[in-house]
Amino acid sequence: MTSMSRARVARRIAAGAAYGGGGIGLAGAAAVGLLLAEMQLARRHVGNGTSGRVPVADGLYGTAYTVPDEPPLRLTMLGDSTAAGQGVHRAGQTPGALLASGLSAVAERPVRLHNVALPGACSDDLDRQVSLVLSDPARVPDVCVIMIGANDVTHRMPPTRSVRHLACAVRRLRTAGAEVVVGTCPDLGTIEPVQQPLRWLARRTSRQLAAAQTIGVVEQGGRTVSLGDLLGPEFEANPRELFGPDNYHPSAEGYATAAMAVLPTVCAALGLWPAEEERPDAFRHEGFLPVARAAAEAASDAGTEVTAALPSGPRGRPWALLKRRKRRRLTEPEPTAPTGV
């Protein structure tokens, strides 16, 4: 599927989500049924070689940067098993811990991490998660990272409904004052038990949802980072390194790859990224595009960020800034005893 075709499909899905339309099919029903059967096969491998326990990484990171009377930054993770960190054994290997450690190093401030992500969650669980996050108005996060979408595909949630729930979550968090960064739907075509031609269908479906998610998020004032195209080629090239023992969730190295892609956008959302890197770089093919086209390109390009830019372009359509940020190298943080949130 071409970038322009994906842009049209993504715009239709996002429009349906915004205006309450029904589900728009991403693929034929028979093909989707076969894909789901393959995904169920993949899911049977989950837990083989692992306990299924998700390490608890909540706590304070970067305590060496503590300054009297200066509160720590607050980072909250929402979403599914990828946001929770299922598949690794130590808290410091989860994406939340890696992001908290990296953000602390860039900001030179402590970062308090809180994770409300739920393994197995679909986008319709975000309403509950956001309510947990905003339960105390005095402790609204500075930035929230959401990773969601894979279960929406495997559970056959209509994409318009999926995007509607995500956009609503972003709107609530932004209204409360939090910055929001969304890691869009990962590439399900990399799951090892899924074979061709269903692998191609899984990739196509994932990218269509990721593009539609980007439109919904950007229109509510959030930012997105493409995880699908980032993890896909690297997982395919290094499946034993980037997949965990269950062959379904990322390994510690896989989560570090995702965290390296998301960290620059988290820092930029908080105004912590170098000013010279905020200008579009023509040599990296960055620039201002209609939001649907930017979303489609991001879904096909590793670690690409999309954020709201001009309120409207030609024909009154919203535009966005497409960025291919340089990734910072992350190291596993020193173990930190959870201190509450």
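Each remark here, short or long, concerns the structure printed above.
Report follows, based on the coordinates. Just so we're clear, the structure is a prediction, and the values are computed from it rather than from any experiment. (Residues numbered from 1 in each chain as written. Predicted model: local features only at pLDDT ≥ 70, side-chain atom pairs only at ≥ 80, totals over all residues. Heavy atoms only, no water.)

### A short note on the packing of helix 5 (residues 126–133) against helix 7 (residues 159–176)
One way to put it is that helix 5 packs onto helix 7 with a least axis distance of 9 Å and a crossing angle of 10 degrees. One way to sum up the angle between helix 5 and helix 7 is to call them roughly parallel. Across the interface between the two elements, Leu126, Asp127, Val130, Ser131 and Val133 of helix 5 pack against His165, Leu166, Ala169, Arg172 and Leu173 of helix 7. (Axes fitted to C-alpha atoms, helices over the stretch in contact; angles between N-to-C directions. Helix = DSSP H or I, 4+ residues; strand = E, 2+ residues; numbered from the N terminus. Parallel < 35°, antiparallel > 145°, perpendicular 65-115°, else oblique. Contact = heavy atoms within 4.5 Å.)

### So, the pairing of strand 3 (residues 111–115)
Bridge count for strand 1 (residues 59–61) against strand 3 is three bridges, and the pairing is antiparallel. Looking across to strand 3, one finds that Tyr61 is bridged to Val111. Pairing geometry for strand 2 (residues 73–79) and strand 3, over five bridges, is parallel. Bridge pairing in strand 3 links Arg74 to Arg112. (Pairing = 2+ DSSP bridges.)

### Considerations on the sheet that holds strand 9 (residues 319–323)
Spatially, the nine strands line up as an open sheet ordered 1-3-2-4-5-6-8-9-7, and their pairing is mixed. Edge positions in the sheet fall to strand 1 and strand 7 (287–290), since each of these pairs with one other strand and no more. This sheet shows a mean twist of 25 degrees between the axes of neighbouring strands, independent of strand direction. Pairing of strand 7 with strand 9, which is carried by four bridges, proceeds in the antiparallel orientation.

### Things to note about the side chain of Thr82
With respect to the element layout, Thr82 can be found in helix 3 (residues 81–84). Relative accessible area serves as the criterion here: at 17%, Thr82 is assigned to the buried category. Once residues lying within four places of it in the same chain are set aside, the contact partners of Thr82 are Pro95, Met147 and Tyr255. (Buried < 20%, exposed > 50% of the residue type's maximum accessible area, 1.4 Å probe, protein only.)

### Details of helix 7
For helix 7, spanning 18 residues, the distance from its first C-alpha to its last is 26 Å, which sits close to the expected 26 Å at 1.5 Å a residue. The complete set of buried residues in helix 7 reads Pro159, Thr160, Ser162, Val163, Leu166, Ala167, Ala169, Val170 and Leu173. Within two residues after helix 7, Gly177 carries a phi angle of roughly 110 degrees, on the positive side. (Expected span 1.5 Å × (residues − 1).)

### Quick notes on unusual backbone geometry
Residues other than glycine seldom take positive phi values, yet Asp69 does so here, at roughly 70 degrees. Assignment of secondary structure puts Asp69 in the loop between strand 1 and strand 2. Despite not being glycine, His285 has its phi angle at roughly 60 degrees, a positive value. In this structure, His285 sits in the loop between helix 11 (252–269) and strand 7.

### A word on helix 11
With 18 residues, helix 11 extends 25 Å from end C-alpha to end C-alpha; this agrees with the ideal 26 Å at 1.5 Å per step. Considering bend angle alone, the principal kink of helix 11 is centred on Val262 and spans about 30 degrees; proline Pro264 follows within four residues of it. With 16 of 18 residues buried, helix 11 is to be regarded as a mostly interior element. Gly271, located one to two residues past helix 11, shows a positive phi value of around 75 degrees. (Bend = angle between axes of the 7 residues up to and from the residue.)

### Observations regarding the environment of Asp124
Structurally, Asp124 is set in the loop between strand 3 and helix 5. Counting along the chain gives 41 residues from Asp124 to His165, while the straight-line C-alpha distance between them is 5.7 Å. Excluding residues within four positions of it along the chain, Asp124 makes contact with Met157, Arg161 and His165. Polar side-chain contacts of Asp124 include one of 3.2 Å to the side chain of Arg161. (Polar contact = N/O pair within 3.5 Å; in protein donor to acceptor, adjacent residues only side chain to side chain.)

Functional significance is not addressed by these values, which are geometric in nature.
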